[in-house]
Amino acid sequence: MEKTDVPPSPGSRQPALLQTLGMRDPVRYFASLRQRYDPVFRMKLIGFPPQVVVSTAELAAEIYATDGDGNRAGALRAGYVPWLGQYSLFTNDGEPWWRHRKLLSPALHGRSIASYPELIAEIAAEDIRTWPLGRPFALQDHMQAITLEITLRLVFGIRDAEQLTRLRPLLLTLSKASGSSLLFLMPGRLRAWAEKSPLAMRLPFLPTTRTMKTSTAVDEILYAEIARRRDEEDSGATDVLGRLLQARDDQGRSMSDQEIRDELLTLLEAGLETTATGLSWAFERLMRTPDVLKRLQEELERGEDESYLDAVVKEVLRLRSVITGSGRLLDKPLRLGAYEIPAGWVAIPMFVLIHQDGEVYPDPEEFRPERFLGEGAQAAQKSFLPFGGGRRYCVGAQLAMMEMKVIIREVLRRVDLTAADPAPEAQRMWHVTLVPGRRAIAVAREQPLKRGPLTEEARCPVHPAPSE
């Protein structure tokens, strides 16, 4: 690269090993680096190219502006290819990525998901009936069970009870194993061997073994389901699989079985753990902020518009970022503020820092949904990046927001929740998400009679479909 007078970005001079160890507590580590180097700083982690982190929405927008011509995000996720596949939106770049994005987007937006709230509410109600009353339990486990069932029935479109019974544990295992930090700490050559070698498949202690075996078992079921659905030719199907079978690109080409399989698993990987974690944080925060919880319950009971519920969900995702950040591998040098970042580096909008920007969010540690209402809402929304930005903005964001709002509403109308411990739960890294440290421990009690008895009619409401 041609030399310039632009200074390099500041950053830690610690060895890569020590910087990597700092990732055991990423929220605290990034906060300390921001305090020292804000708003741009570099990092070096073992096994990754040099990285530069930004902590404001304005700088994030400069990174996103290079989407499509100047960076690659899929290249950073090559480690997911063995189980997500070569056609996944998560691992692809360039024209293949753009083709799949256009094929997948219509199945996850607008009218395609307008009928989903009713079934999401029913799935949530089925699980809520199993909750223990009067004693502590982990809400996160139940949020994961609910979001898994939504994935199986609304995304995969599986109705057969036997298939559902087989898939549930397999998909949970695959989601957890594929996000294991041990998997990504394996040296590249060892990992490539372990994923392909018959000998490695006999070594249960390798993190690749369970992942690859589980992936094979899942594939057997998914390919059989795809073949069955192709034979049915159901043009009226409303689940995501059914819509992908009907999808055609600009040249009239349909998606192959493997392309569909890859995108189904991508939606599982991208949505299952993240949505369940977002919901867990929602209840963790609501239980410890009684004024917010009371206002939300009152507005839901009155049946008014859901602007406050929407603000609550956004404030949860701001205050408790589920994902730390998402980077781009730069193909060209990029000017960020006063610094020029070389090609070959990774530029990362760090959500956990952007969402704590005190210039945009005064008293950023406070849980204050009103930030997303009234005069300050536009500024708050501009720096709200839980689903990323640019061309690679999360394709499932609309469905994820819908799930969170419907499930929160369904839980609050059926049970009263209190925290088993008034102390806030710490943010803990679990696979690739930041989860409540005690998995959102709660105590549930039946709603008092003033909110209506839990009749069968109350348990299975019909929710109006949202407008386009």
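Given the structure is predicted, the values throughout are model-derived calculations rather than measurements.

**Overview of the sheet that holds strand E5 (residues 328–330)**
Link 1 in the chain: Strands sit in the order E1-E2-E8-E5-E3 across an open sheet of five strands; the sheet is mixed. Every other strand in the sheet has two partners, leaving strand E1 (40–43) and strand E3 (71–72) as the edge strands with one partner each.
Link 2 in the chain: Note that strand E2 (residues 51–54) and strand E8 (residues 346–349) share four bridges and pair parallel. Within E8, the residue paired with Val54 across the bridge is Pro349.
Link 3 in the chain: Across the sheet, helix H3 (residues 57–64) lies against E1, E2, E3, E5 and E8, angled at about 135° from E8, the strand it touches most.

**Brief notes about a nonpolar patch on the surface**
Link 1 in the chain: Where nonpolar side chains cluster on the molecular surface, the patch consists of Leu17, Leu18, Leu21 and Ile46 and spans about 340 Å² of accessible area.
Link 2 in the chain: Assignment of secondary structure puts Leu17 in helix H1 (residues 16–21).

**Notes on the environment of Arg228**
Link 1 in the chain: With respect to the element layout, Arg228 can be found in helix H11 (residues 207–232).
Link 2 in the chain: The exposure class assigned to Arg228 is partly exposed, which follows from its relative accessible area of 37%.
Link 3 in the chain: Here the side chain of Arg228 touches Glu225 through a polar contact of 2.6 Å, side chain to side chain.

**Concerning helix H15 (residues 307–319)**
Link 1 in the chain: With 13 residues, H15 extends 18 Å from end C-alpha to end C-alpha; this agrees with the ideal 18 Å at 1.5 Å per step.
Link 2 in the chain: Considering only its buried residues, H15 is in contact with helix H13 (257–287), helix H14 (290–302), helix H17 (377–382), helix H18 (397–414) and strand E10 (427–430).

**Examining helix H5 (residues 94–104)**
Link 1 in the chain: Within H5, burial applies to Trp97, Arg99, His100, Arg101, Leu103 and Leu104.
Link 2 in the chain: Tucked into the core, H5 has its buried residues touching helix H12 (240–246) and H13.

Quick notes on the rules
- Residues numbered from 1 in each chain as written.
- Predicted model: local features only at pLDDT ≥ 70, side-chain atom pairs only at ≥ 80, totals over all residues.
- Heavy atoms only, no water.
- Pairing = 2+ DSSP bridges.
- Helix = DSSP H or I, 4+ residues; strand = E, 2+ residues; numbered from the N terminus.
- Contact = heavy atoms within 4.5 Å.
- Axes fitted to C-alpha atoms, helices over the stretch in contact; angles between N-to-C directions.
- Patch = residues over 30% accessible without salt bridge, like charges linked within 9 Å, V, L, I, M, F, W, Y side chains within 5 Å.
- Areas by Shrake-Rupley, 256 points an atom, 1.4 Å probe, with all protein chains shown as cover.
- Salt bridge = Lys/Arg side-chain N within 4 Å of Asp/Glu carboxyl O.
- Buried < 20%, exposed > 50% of the residue type's maximum accessible area, 1.4 Å probe, protein only.
- Polar contact = N/O pair within 3.5 Å; in protein donor to acceptor, adjacent residues only side chain to side chain.
- Expected span 1.5 Å × (residues − 1).

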